[in-house]
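So the chains spell out like this:
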Amino acid sequence: MSIPQSRPEETPEGASQPPSPIRESTISTLLTHSSTSQNSVPKQTISHAEAALVQGNANIKILTENDCPDVVAYSWSKWKKWRALTIIFLVQISMNLNASLYANAQSGIVKEFHVSFMAAVSGAAVFLVMYAFGCELWAPWSEEFGRKLVLQASLFLVNAMCLPVALAKRTRSFAAILVGRAFGGLFSAGGSVTLGVVADMFTLPHQEKPLAFIVLSSVGGSIIGPIIGGFIEEGLDWTWAIWIQLIVGSFVQLLHLFLVPESRSSVLLDRHAKKLRKSKLNETEKNINVFGPTETMTWREYLVPKELWALWTRPFRMFATEPIVSILSTLSGFSDALIFMQIQSLGRVYRLWGFTTTQIGLAFIPIGIAYIIGYLLFLPVIGRNRRLRAEFPGKEHAQYESRLWWLLYTAPLLPIGLLIFAWTSTPEVHWVAPMFGCLLIGIANYTIYMTTIDYMVASYGPYSASATGGNGFARDFLAGCLTWAADPYYNAFSFSYGIQAANTVLAGISLILVAATFVIYIKGPSMRKRSPFAQSLRESITGTTEESLPEITERTV
């Protein structure tokens with residue numbers, strides 16, 4: 001998920017970043033983009049007009065955050081920030097609800113159009129696969145045109161794509177369902193933009209808790225669908241699974257439209273520059289050369305094919321060439337994909353106890369509880385890691401690998417949870433036992449997502465947009481692929497104790513990936529030394545001066 005970085009003139013003086021990539025940012029901005037002060041928005045000592053006109057009319061003045069600190073979103077009140085953050089939370093819930101709620105329409109689609117179950121499942125899988133690409137393709141534009149415009153466009157198009165799916169019953173077109181789902185996924189901006197809003201509002205020392213909150217919405221949205229979907233599937237026509245997506249999507253779009261102002265700094269500075277010019281013209285009837293960071297850019301500068309291509313392809317290149325990115329992203333993607341496999345397969349397990357469709361949906365509640373537990377457990381870990389970095393500013397392990405410390409205890413819950421889920425999936429055992437396995441899987445999934453993002457941002461600095469982009473791509477892409485594979489996979493184990501064997505295989509795969517995280521925790525420093533991206537960051541930040549590393553590292557990660 002890659003979003004273009006601020007222009008060079010826009011970078012605060014207090015931020016130390018390598019000269020390239022110039023226009024890259026997304027989740028990385030959560031920890032690499034900062035305001036004039038790392039701890040608070042500085043007090044303004046002169047008026048905006050004085051700051052803007054200090055050079056006079058002879059030269060062009062490009063406004064920066066240093067000139068107008070009270071204009072950017074860092075200066076918003078705590079209440080205003082968390083109001084916006086809560087609505088962004090709901091936006092992210094809505095996007096993930098679109099991915100998961102469709103599963104409860106599949107049985108109705110099979111009956112309505114006389115297609116195979118695998119054909120109906122394709123509507124869920126294609127949405128996730130296209131969602132993986134959509135996050136990457138939407139990302140750059142929110143930096144140039146603003147978060148609000150891009151999110152509104154995304155929400156509108158996603159909502160519009162619900163119509164051909166919901167109306168397919170009248171048009172008698174199964175193809176309309178697949179087309180609507182595919183474009184619905186492609187039009188979803190996802191975390192690449194919603195997490196960027198966090199970067200806009202919170203300075204570096206205050207970003208981790210808002211980030212943890214938004215990550216909760218990202219994982220939580222995927223299980224709200226099946227929880228409410230059971231009631232819909234059992235009591236309503238299948239089209240209501242789509243209409244409810246449209247209702248929820250329209251509701252959060254209106255909330256976002258009226259209650260969340262634009263937060264992107266360059267857009268706010270552009271608007272402020274226009275106000276300054278208009279005000280000066282009205283007062284003195286003279287024009288002044290004060291402009292925002294992107295006001296003078298032409299469409300040709302916005303649309304540079306070579307630059308956009310490099311921006312969009314870097315996440316995939318890093319995923320293929322960087323062991324840290326590939327291992328952690330695969331672990332994160334596999335963990336998330338398990339949830340979507342369970343959406344397709346949990347019915348097989350709980351029908352052993354005679355669960356109804358509604359009860360099967362409610363069986364996802366333990367995963368939702370697990371996400372909340374994972375979020376609450378991670379909050380004190382944030383404080384622990386901050387204290388460790390402050391106490392040992394010169395130790396590389398404290399600055400980087402300490403961020404994986406909590407993962408060492410929680411990642412093993414993934415294979416453990418899968419094994420419990422597997423070998424308690426029998427009527428001889430109470431049905432609460434596999435739910436306990438799901439609880440452990442959920443805690444692991446939340447922590448894996450949060451810690452892998454945190455570690456990769458720290459390791460790759462301004463390149464972490466691409467690193468975490470690979471993470472997000474892996475989660476959505478693998479979820480889509482395993483959604484397709486879930487039914488054939490479980491059908492292949494159609495023998496006594498087949499379900500147990502199938503989930504044991506998944507536990508074995510996850511165990512290998514979990515073991516790899518321990519390797520990264522131990523060998524991370526040597527792996528970064530062999531990484532051209534990490535070394536480019538290190539040399540750019542330090543100027544090849546080793547002594548200056550601790551201070552800069554603390555500021556840029």
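Small disclaimer: the values here were computed from a predicted structure and weren't measured. Every chain is numbered independently, its residues counted from 1 as its sequence is written. Confidence filtering applies because this is a predicted model: local features only for residues at pLDDT of at least 70, side-chain atom pairs given and counted only at 80 or more, and all residues used for totals across whole chains, interfaces and linings. As a rule here, side-chain values cover all heavy atoms of the structure and leave hydrogens and water aside.

Some thoughts on the side chain of Asn96
Numbering of helices and strands starts at the N terminus; helices are DSSP runs of H or I of at least 4 residues and strands are runs of E of at least 2. By the element assignment, Asn96 lies in helix 3 (residues 78-101). Within 3.5 Å is the distance limit for a polar contact, defined as a pair of N or O atoms, with the added protein rule that one can donate a hydrogen and the other accept it, and that residues adjacent in sequence qualify only through two side-chain atoms. Reaching out from Asn96, the side chain makes a polar contact with the side chain of Tyr131 at a distance of 3.4 Å.

Comments concerning the packing of aromatic side chains
Ring pairs are drawn from Phe, Tyr and Trp, using the six-membered ring of Trp, whenever the two centres fall within 6.5 Å, and their geometry is named by plane angle: stacked under 30 degrees, edge-to-face over 60, tilted for the rest. Counted under the stated rule, the structure contains 24 aromatic pairs. Here the aromatic residues Trp82, Phe89, Phe202, Phe213, Tyr375 and Tyr446 are joined through ring pairs into a cluster of three or more. Arg172 extends its terminal NZ or CZ atom over the ring of Phe113, reaching a point 5.5 Å from the ring centre. One residue, Arg475, lies across the ring of Tyr449, its end atom 3.8 Å from the ring centre. Charge-over-ring placement is defined geometrically: NZ (Lys) or CZ (Arg) within 6 Å of the ring centre, and within 35 degrees of the ring normal.

Observations regarding the packing of helix 9 (residues 191-201) against helix 10 (residues 208-235)
To describe two helices that pack against each other, one gives the angle between their axes and the distance between the axes. Note on definitions: angles span 0 to 180 degrees between N-to-C directions of axes, and those axes are lines fitted to C-alpha atoms, for helices only across the stretch in contact. Two elements in contact, helix 9 and helix 10, have axes whose closest approach is 10 Å; the angle formed by their N-to-C orientations is 160°. In terms of orientation, helix 9 lies roughly antiparallel with respect to helix 10. Crossing of helix 9 over helix 10 shows right-handed handedness. Along its contact with helix 9, which presents Thr194, Leu195 and Val198, the element helix 10 presents Pro210, Leu211 and Ile214. Classes in brief: Ala, Val, Leu, Ile, Met, Phe, Trp, Tyr, Cys and Pro nonpolar; Asp, Glu, Lys and Arg charged; the others, Gly included, polar. Of the residues in the contact of helix 9 with helix 10, the class split is five nonpolar, one polar and no charged. Orientation is classified from the angle alone, with under 35 degrees giving roughly parallel, over 145 giving roughly antiparallel, 65 to 115 giving roughly perpendicular, and any other angle giving oblique. The hand of a helix crossing depends on one turn: near helix anticlockwise from the far one by less than a right angle means left-handed, and clockwise means right-handed. Here a residue-residue contact requires only that any non-hydrogen atoms of the pair lie within 4.5 Å.

Considering the confidence of the model for the chain
For the chain, the average pLDDT comes to 81, and 82% of its residues sit at 70 or higher. A residue's pLDDT is the confidence the predictor assigns to it, expressed on a 0 to 100 scale. Confidence over residues 1-58 falls short of pLDDT 50; this stretch has 189 contacts with residues more than four positions distant or in other chains.

Notes on a nonpolar patch on the surface
A patch is a set of surface residues, each over 30% in relative accessible area and not in a salt bridge, joined within 9 Å for like charges and within 5 Å for the nonpolar side chains Val, Leu, Ile, Met, Phe, Trp and Tyr. All accessible areas in this document rest on Shrake-Rupley with a 1.4 Å probe, and a residue is counted as covered only by the protein chains that are shown. Whenever Lys or Arg places a side-chain nitrogen within 4 Å of a carboxyl oxygen from Asp or Glu, that contact is recorded as a salt bridge. A contiguous nonpolar surface patch, about 330 Å² in accessible area, is contributed by Phe231, Leu362, Ile365 and Ile369. As for its placement among the helices and strands, Ile369 is situated in helix 17 (residues 365-391).

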